[in-house]
Amino acid sequence: MKSRFLNSLAITFLFLAAGTAAAGSPTGTGAIPLNATALPLNPTDPAQDRVGRLLYRGGLRLTSPDILFGGLSGLNVSADGQRMIAMSDNGRWVSAKLLYDKDNLAGVTDGVLKPIKKLKGYHRHGNWTDAESLAQDGSGGFYVSFEHLHRIWHYPARP
């Protein structure tokens, strides 16, 4: 079951949409509530689960009442398919545990926000937190690219 999911993960779409509300954690650090709404592959035919050879395993619209949640970029799913991590436009790591109904993506739990740290020696001001993509480095860390003040930073694995 797991290997069949992981083999199809590379060609499976996971849709994320941001939502905000007026209340939330002022620090943007720690556990946050996440709400997940299933998204069909084809809104006019919710039973459709294939496009050519692509088998759709599920999509989610994520929202949170935390005001610092939203604008997600650079989605990464762990090799075992159990966790996701993304970057937010306002300088936060967003992570959560993925939930499944059989082989299909069904929801998320255990949402966490953590601030992106400015690297030592970096003194530029302005919108330095708008991350656009991330890629694993092979040792548990990530390379993160940013827009506006264009650069790629390396964040080593967290302890």
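Right above here is the structure, for reference.
Each chain carries its own residue numbering, running from 1 in the direction its sequence is written. Selection of residues for local features in this predicted model requires a pLDDT of at least 70, selection of side-chain atom pairs for listing and counting requires 80 or more, and totals for whole chains, interfaces and linings are taken over all residues. The basis for the side-chain values is all heavy atoms of the structure; hydrogens and waters are excluded.

Observations concerning the environment of His 148
Mapping His 148 onto the fold places it in the loop between strand 11 (142-146) and strand 12 (151-155). Distance in space between the C-alpha atoms of His 148 and Thr 129 is 9.1 Å, their sequence separation being 19 residues. The way it works is that DSSP assigns letters per residue, a run of H or I at least four long becomes a helix, a run of E at least two long becomes a strand, and they are numbered from the N terminus.

So, the pattern of salt bridges
Salt bridge, as used here, is a side-chain nitrogen of Lys or Arg placed within 4 Å of a carboxyl oxygen of Asp or Glu. Applying the stated criterion across every chain, the model contains 1 salt bridge. Of the charged contacts, one joins Arg 57 and Asp 103 as a salt bridge, the two residues approaching to 4.0 Å between their closest N and O atoms. With Arg 57 in the loop between strand 4 (54-55) and strand 5 (59-63) and Asp 103 in the loop between strand 8 (92-101) and strand 9 (104-115), this residue pair connects regions lying 46 residues apart in the sequence. Note on Arg 57: relative accessible area 7%, which makes it buried. To sort residues, take the accessible area from a 1.4 Å probe on protein chains only and compare it with the maximum for the residue type: under 20% means buried, over 50% means exposed, and anything in between is partly exposed.

Re the environment of Ala 131
Following the sequence through the fold, Ala 131 ends up in strand 10 (residues 131-136). Taking the C-alpha atoms as reference, Ala 131 lies 9.9 Å from Leu 149; in sequence the two are 18 residues apart. Among all residues touching Ala 131, those that are not within four sequence positions of it are Ser 73, Met 87, Ser 88, Asp 89, Ile 116, Val 144, Ser 145 and Phe 146. Contacts are residue-level and defined by heavy atoms, with any inter-residue pair within 4.5 Å sufficient.

Side note on the sheet that holds strand 6 (residues 72-77)
Paired strands, as defined in this entry, are two strands with at least two bridges between them according to DSSP. The 5 strands are arranged 1-9-8-7-6 in an open sheet whose pairing can be described as antiparallel. Each end of this open sheet is capped by a strand with a single partner; those strands are strand 1 (30-32) and strand 6. The average undirected angle you get between the axes of adjacent strands in this sheet is 30 degrees. Here strand 8 runs beside strand 9; their pairing, made up of 9 bridges, is antiparallel. Residue Trp 93 lies in a different strand from strand 9, and its bridge partner there is Lys 114. Each axis is a line fitted through C-alpha atoms, taken for helices only over the stretch in contact, and angles between the N-to-C directions span 0 to 180 degrees.

Quick word on the sheet that holds strand 10
Sheets are built from strands paired through backbone hydrogen bonds, the pairs being either parallel or antiparallel. Here we have 3 strands laid out as an open sheet, ordered 10-11-12, and antiparallel in their pairing. At either margin of the open sheet sits one strand with a lone partner, and together these are strand 10 and strand 12. Going across the sheet, the axis of each strand differs from the next one's by a mean of 25 degrees, ignoring polarity. Examined bridge by bridge, strand 11 and strand 12 share 5 bridges and lie antiparallel to one another. Bridged to Phe 142 within strand 12 is Tyr 155.

Let's talk about the packing of aromatic side chains
Stacked, tilted and edge-to-face are the three classes applied to pairs of Phe, Tyr and Trp rings, where Trp contributes its six-membered ring and a pair requires centres within 6.5 Å; stacked means planes under 30 degrees apart, edge-to-face means over 60, and tilted covers the rest. Enumeration according to the criterion identifies 4 aromatic pairs in this entry. A centroid spacing of 5.4 Å and a plane angle of 85 degrees characterise the contact between Trp 93 and Tyr 155, whose relative ring orientation is edge-to-face. Taken as a pair, Trp 93 in strand 8 and Tyr 155 in strand 12 lie far apart in primary sequence, 62 residues in all. Using a relative accessible area of 6% as the deciding quantity, one classes Trp 93 as buried. Feature note: the residues Trp 93, Phe 142, Phe 146, Trp 153 and Tyr 155 constitute an aromatic cluster, connected by ring pairs. It is Arg 151 that lies over the ring of Phe 146; its NZ or CZ is 4.0 Å from the centre. Each ring is checked for a lysine NZ or an arginine CZ that lies within 6 Å of its centre and within 35 degrees of its normal; such an atom marks a charge sitting over the ring.

Some words on the nonpolar core
Of all hydrophobic cores here, the largest spans 15 residues; its most connected members are Leu 34, Leu 62, Phe 69, Met 84 and Val 108. Taken together, the elements giving at least two residues each to this core come down to strand 5, strand 7 (83-88), strand 8 and strand 9. Beyond its immediate chain neighbours, meaning those up to four positions away, Val 108 contacts Leu 34, Ala 36, Leu 60, Leu 62, Ala 96, Lys 97, Leu 98 and Leu 99. Joining through side-chain atoms within 4.5 Å is the link that ties buried Ala, Val, Leu, Ile, Met, Phe, Trp, Tyr and Cys residues into a set, and such a set is a nonpolar core. Counting 11 residues, the second largest nonpolar core, distinct from the first, contains Trp 93, Ile 116, Phe 142 and Tyr 155.

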